[in-house]
Amino acid sequence: MKAVTWQGKRDVRVEDVPDPKIEEPTDAVIRVTSSGLCGSDLHLYEVLTPFMTPGDILGHEPMGIVEEVGSEVTNLRPGDRVVVPFQIACGHCFMCDTGLPTQCETTQVTGEGMGAALFGYTRLYGAVPGAQAEYLRVPQAQFGPMKVPEGPPDDRFVYLSDVLPTAWQAVEYASVPPGGSVAVLGLGPIGDMSCRIALARGAEQVFGIDLVPERLARANRRGVKTYDLRAFDDEKTLIHAIQEATGGRGPDAVIDAVGTEAHGSAAAKLAQQATALLPRKIAAPFAERFSIDRLGALYMAIDLVRRGGTISLSGVYGGMADPMPLLTLFDKQIQLRMGQANVRRWSDQIMPYLTDEDPLGVEDFATHRVPLSEAPHAYEMFQRKEDGAIKILMKP
């Protein structure tokens with residue numbers, strides 16, 4: 001089959017790889033009909049290269065048709081249309097029972113000290129072959145895949161794999177009070193969808209902050225009060241403007257949908273780039289102990305949120321030596337919540353929004369739809385924020 005493989009920093013290729021097959025009785029194999037390109041994939045493209053191996057298959061946002069199931073998968077049958085969560089979880093361990101499938105005790109990558117295995121996301125998360133491919137082996141298929149109805153286009157449901165639950169959890173963790181206010185840093189796919197969900201769930205004021213014109217315009221059309229970073233002399237001026245719009249206090253919550261590759265932070269960017277250039281045997285141990293993030297977005301969130309407010313982190317961070325302003329966090333009594341999205345915890349709550357009325361705008365959420373063969377160009381375009389690329393779907 002054809003699959004998108006990682007070959008090095010900023011080097012992805014579509015190659016022929018062996019077809020997946022049933023390996024365990026809890027496996028399924030699906031024929032992929034749509035697979036998303038995620039902002040998290042760009043971290044592999046640029047920053048997390050020490051944890052990658054040439055030939056790794058990328059991608060973690062798939063849906064498709066069940067082709068084959070293992071003997072212990074009784075809830076699916078060939079021909080079912082399914083969306084597959086990006087994490088792999090059993091559904092019956094202590095962590096899954098408490099609503100934390102991202103910490104599944106059956107699939108935890110204990111050798112790396114990490115949580116549940118993820119599709120297509122480095123050896124830290126199990127080096128499981130990913131979903132930007134024609135076919136996908138799905139472990140723990142008795143729990144993970146979500147059956148969806150025939151008829152509507154893939155765009156109606158494909159975001160249940162990652163974008164929708166990640167944005168839903170971001171808003172849930174932000175604890176925005178009824179009629180309250182939330183600022184969203186970064187209006188890429190997760191930030192954009194977080195704004196839509198916050199508005200749909202009753203937030204009175206939703207502020208969106210970015211520096212990409214297409215992203216700002218898109219959020220503004222959905223009723224978000226947008227702020228262009230480039231229009232302010234410095235971040236303090238921007239923070240003051242939003243504080244003035246919230247009674248001088250700042251928003252009740254801030255969602256950081258940017259993560260490790262925030263704009264600015266020149267020294268941290270240089271350190272990330274230098275690590276990526278080291279030999280792999282040296283780079284991985286170094287990154288595990290001494291890596292740092294570009295923390296511009298997180299620092300801004302800390303300054304922006306009101307006293308007693310909440311910061312919700314949905315952007316991926318991977319630093320192990322990040323300096324944190326604990327004095328400010330403590331003094332402002334800020335609550336901080338974060339983590340990979342627990343897809344199956346939220347999927348039943350999200351499903352009622354995926355109706356013909358399409359209140360979240362999922363059917364026109366993608367800005368680009370490309371064949372799998374164009375994946376290298378899609379990665380480059382998305383990484384450079386060219387041609388208005390905000391969300392890209394690949395069609396095998």
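In case you missed it, the structure is sitting above this.
The following refers to the structure shown. Model, not experiment: these values are computed from the prediction.

With that settled, consider the overall build of the protein. A tally of regular secondary structure across the protein gives 12 helices and 16 strands. Counting across all 396 residues of the protein, residues that qualify as buried make up 55%. Within the protein, contacts between residues at least 6 apart in sequence are counted, and of these 73% link residues at least 24 apart. As displayed, the protein has an accessible area near 16,500 Å², and 51% of this comes from carbon and sulfur atoms.

Turning to the sheet that holds strand β11 (residues 225-228), a few remarks are in order. If you trace the six strands from one edge of the open sheet to the other, you get β11-β10-β9-β12-β13-β14, paired in parallel fashion. Bordering the open sheet on either side are β11 and β14 (335-338), each of which pairs with just one other strand. Averaged over all pairs of adjacent strands, the angle between their axes in this sheet comes to 20°, without regard to strand direction. Pairing of strand β12 (residues 253-256) with strand β13 (residues 310-313), which is carried by four bridges, proceeds in the parallel orientation. Residue pairing for β13: Val254 is matched across the bridge by Ile311. Contacts from helix α9 (residues 296-304) reach β9 (181-185), β10 (205-210), β12 and β13, with the element oriented near 165° to β9.

So, on to the nonpolar core. The biggest cluster of nonpolar side chains holds 69 residues, and the ones touching the most others in it are Tyr159, Leu160, Leu164, Met193, Tyr379 and Met394. A per-element tally of this core places helix α3 (residues 163-174) first, with eight residues.

A few words now on the side chain of Ser34. By the secondary structure assignment, Ser34 is in strand β3 (residues 28-37). The class of Ser34 is buried, set by a relative accessible area of 0%. A polar contact of 2.7 Å, which involves the side chain of Ser34, links it to the side chain of Asp154. Excluding residues that lie within four positions of it along the chain, Ser34 makes contacts with Glu61, Pro62, Met63, Asp154, Val158, Met394, Lys395 and Pro396.

Our focus in this paragraph is unusual backbone geometry. Excluding glycine, most residues fall at negative phi; most peptide bonds, likewise, are trans. Its identity as a non-glycine residue notwithstanding, Thr122 has a phi of 70°, on the positive side. You can see Thr122 is positioned in the loop between α2 (94-97) and β7 (135-138). We note that Asp387 has phi near 55°; this positive angle belongs to a residue other than glycine. Secondary-structure assignment places Asp387 in the loop between α12 (375-384) and β16 (392-395). On the basis of relative accessibility, which here comes to 59%, the residue Asp387 falls in the exposed class.

Here helix α6 (residues 235-244) crosses α9 at 40°, and the two axes come no closer than 10 Å. By the criterion of interaxial angle, the relationship of α6 to α9 is oblique. Of the two elements, α6 crosses α9, and the hand of that crossing is right-handed. Taking contact as the criterion, the partners of Glu235, Leu238, Ile239, Ile242 and Gln243 in α6 are, on α9, Met300, Asp303 and Leu304. Tallied by class, residues from the contact of α6 with α9 come to five nonpolar, one polar and two charged.

Calculation notes
- Residues numbered from 1 in each chain as written.
- Predicted model: local features only at pLDDT ≥ 70, side-chain atom pairs only at ≥ 80, totals over all residues.
- Heavy atoms only, no water.
- Helix = DSSP H or I, 4+ residues; strand = E, 2+ residues; numbered from the N terminus.
- Buried < 20%, exposed > 50% of the residue type's maximum accessible area, 1.4 Å probe, protein only.
- Contact = heavy atoms within 4.5 Å.
- Areas by Shrake-Rupley, 256 points an atom, 1.4 Å probe, with all protein chains shown as cover.
- Pairing = 2+ DSSP bridges.
- Axes fitted to C-alpha atoms, helices over the stretch in contact; angles between N-to-C directions.
- Core = buried A, V, L, I, M, F, W, Y, C linked by side-chain atoms within 4.5 Å.
- Polar contact = N/O pair within 3.5 Å; in protein donor to acceptor, adjacent residues only side chain to side chain.
- Parallel < 35°, antiparallel > 145°, perpendicular 65-115°, else oblique.
- Left-handed = near helix turned anticlockwise from the far one by under 90°.
- Nonpolar A, V, L, I, M, F, W, Y, C, P; charged D, E, K, R; others polar.

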